[in-house]
Amino acid sequence: MFNPDGAVSYHCFNCNFKTSWTQGRTLSFKMRKLMRQLGFDESEILRLDIDLLNQADLEQLIQREPEPVWKPNWLDYELDFDVRPVEDEEKINYLKQRQVYDLAVWLETDTEYAGLNKRVILPMTYENRLVGFQSRYVGTVPEKYSKYYKKVPSDYVFGLDNQKNNRQFVIVSEGEFDALLTSGLSLGSNNLSDHQAQLIEDLNIEPIVIPDKDKSGLQLVERAADYGWSVSFPEWEDCKDVGDAVMKYGRLFAIHSILQAAEHSPTKIRLMGRRYCR
């Protein structure tokens, strides 16, 4: 809908996607996403955004999007076992080796259920409330256990509390360790649900998805392309995910390569995903 004052608003009554633009604003992530889905060339979108930035009064730039259509109703989670800050030397060395020791509050427990006493525990929060936890087994994993054991609500996205509205991009990965290393978000799997997508889009920060370099990662690539999101295919040697790349190349280089290798065209994303995720 084009308004007399020059404002543009868009509302799909089928999927409830909404975005808008008014005079004095630059293009929001959602507006750029809409333009890509309508077939605008990426260079044209960038040129228009630069033109709008040059015309705008920087002190009066408005970044406003409609209220979210879905609000998580995740209940507070109460751990049914005692925990303490991680003290075990083997666990600390593992976290330092993975370069995540200083990036989160890590816990441990003496509880043997599900091998929790052999795991490092990562609290899962939303709006600074505990809503669940994730744990990773340290050492050789017995056959009766899985590498990861967690309790999280449906459609949970890890890292939402750490996002700031002055960011231009946010890196979206499958695993929580990868999200810590990129100061980004984790879906917890290779699936992207509609509710997870809405929570991420409501940040109004452009998401760049980095899939794991395996066959299962293709599912995430396809879902990201469905939403018109950018997907990164960095040329890392012998690296399955962000964690491997950080250990091999360093954290700064890994993040830089993700941003540099981001692809925006849904068609190219689907083609590149089939070569990358195998």
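Keep in mind that what you see is a predicted model, and the values were worked out from it rather than measured.

Digging into the packing of helix H6 (residues 217-226) against helix H9 (residues 266-276)
Each packed pair of helices is defined by two parameters, the angle between the axes and the distance between the axes.
Point 1. Two numbers describe how H6 lies on H9: the axes approach to 9 Å, and their chain directions differ by 175 degrees. Considering their axes alone, H6 and H9 lie roughly antiparallel with respect to each other. On H9, the residues that touch Leu-218, Val-221, Glu-222, Ala-225 and Asp-226 of H6 are Pro-266, Ile-269, Arg-270, Gly-273 and Arg-274.
Point 2. Here the contact of H6 with H9 is composed, by residue class, of five nonpolar, one polar and four charged.

Focus on unusual backbone geometry
Point 1. With a phi close to 60 degrees, Ala-114 is a non-glycine residue in the positive phi region.
Point 2. With respect to the helices and strands, Ala-114 occurs in the loop between strand E4 (107-108) and strand E5 (119-126).
Point 3. A positive phi angle is found at Asn-204, which is not glycine, with a value near 60 degrees.
Point 4. Assignment of secondary structure puts Asn-204 in the loop between helix H5 (194-201) and strand E10 (206-209).

Remarks on the sheet that holds strand E12 (residues 262-263)
Point 1. The strand order across the open sheet formed by five strands is E9-E8-E10-E11-E12, and the pairing between neighbours is mixed. Lying at the two open borders of the sheet, with one neighbouring strand each, are strand E9 (185-186) and E12.
Point 2. In the packing of helix H8 (residues 251-260) onto the sheet, the strands contacted are strand E8 (169-173), E10, strand E11 (230-232) and E12, and the crossing angle to E8 comes to about 100 degrees.

Things to note about the pattern of salt bridges
Working definition: two side chains of opposite charge can pair if their charged atoms are close together.
Point 1. Counted by the stated rule, this structure contains 20 salt bridges.
Point 2. Salt-bridge contacts for Asp-212 lead to Lys-240; the nearest nitrogen and oxygen are separated by 3.2 Å. You can see Asp-212 sitting in the loop between E10 and H6 and its partner Lys-240 sitting in the loop between E11 and helix H7 (242-249), a full 28 residues away along the chain.
Point 3. When its relative accessible area of 9% is taken as the criterion, Asp-212 is described as buried.
Point 4. Overall, Lys-240 belongs to the partly exposed group, its relative accessible area being 38%.
Point 5. For Arg-270, the salt bridge identified is with Glu-222, shortest N-O distance 2.6 Å. Within this pair, whereas Arg-270 is found in helix H9, its partner Glu-222 is found in helix H6, the two being separated by 48 residues in sequence.
Point 6. Residue class for Arg-270 comes out partly exposed when judged on its relative accessible area of 24%.

Thresholds applied
- Residues numbered from 1 in each chain as written.
- Predicted model: local features only at pLDDT ≥ 70, side-chain atom pairs only at ≥ 80, totals over all residues.
- Heavy atoms only, no water.
- Axes fitted to C-alpha atoms, helices over the stretch in contact; angles between N-to-C directions.
- Helix = DSSP H or I, 4+ residues; strand = E, 2+ residues; numbered from the N terminus.
- Parallel < 35°, antiparallel > 145°, perpendicular 65-115°, else oblique.
- Contact = heavy atoms within 4.5 Å.
- Nonpolar A, V, L, I, M, F, W, Y, C, P; charged D, E, K, R; others polar.
- Pairing = 2+ DSSP bridges.
- Salt bridge = Lys/Arg side-chain N within 4 Å of Asp/Glu carboxyl O.
- Buried < 20%, exposed > 50% of the residue type's maximum accessible area, 1.4 Å probe, protein only.

These figures capture arrangement, not role.
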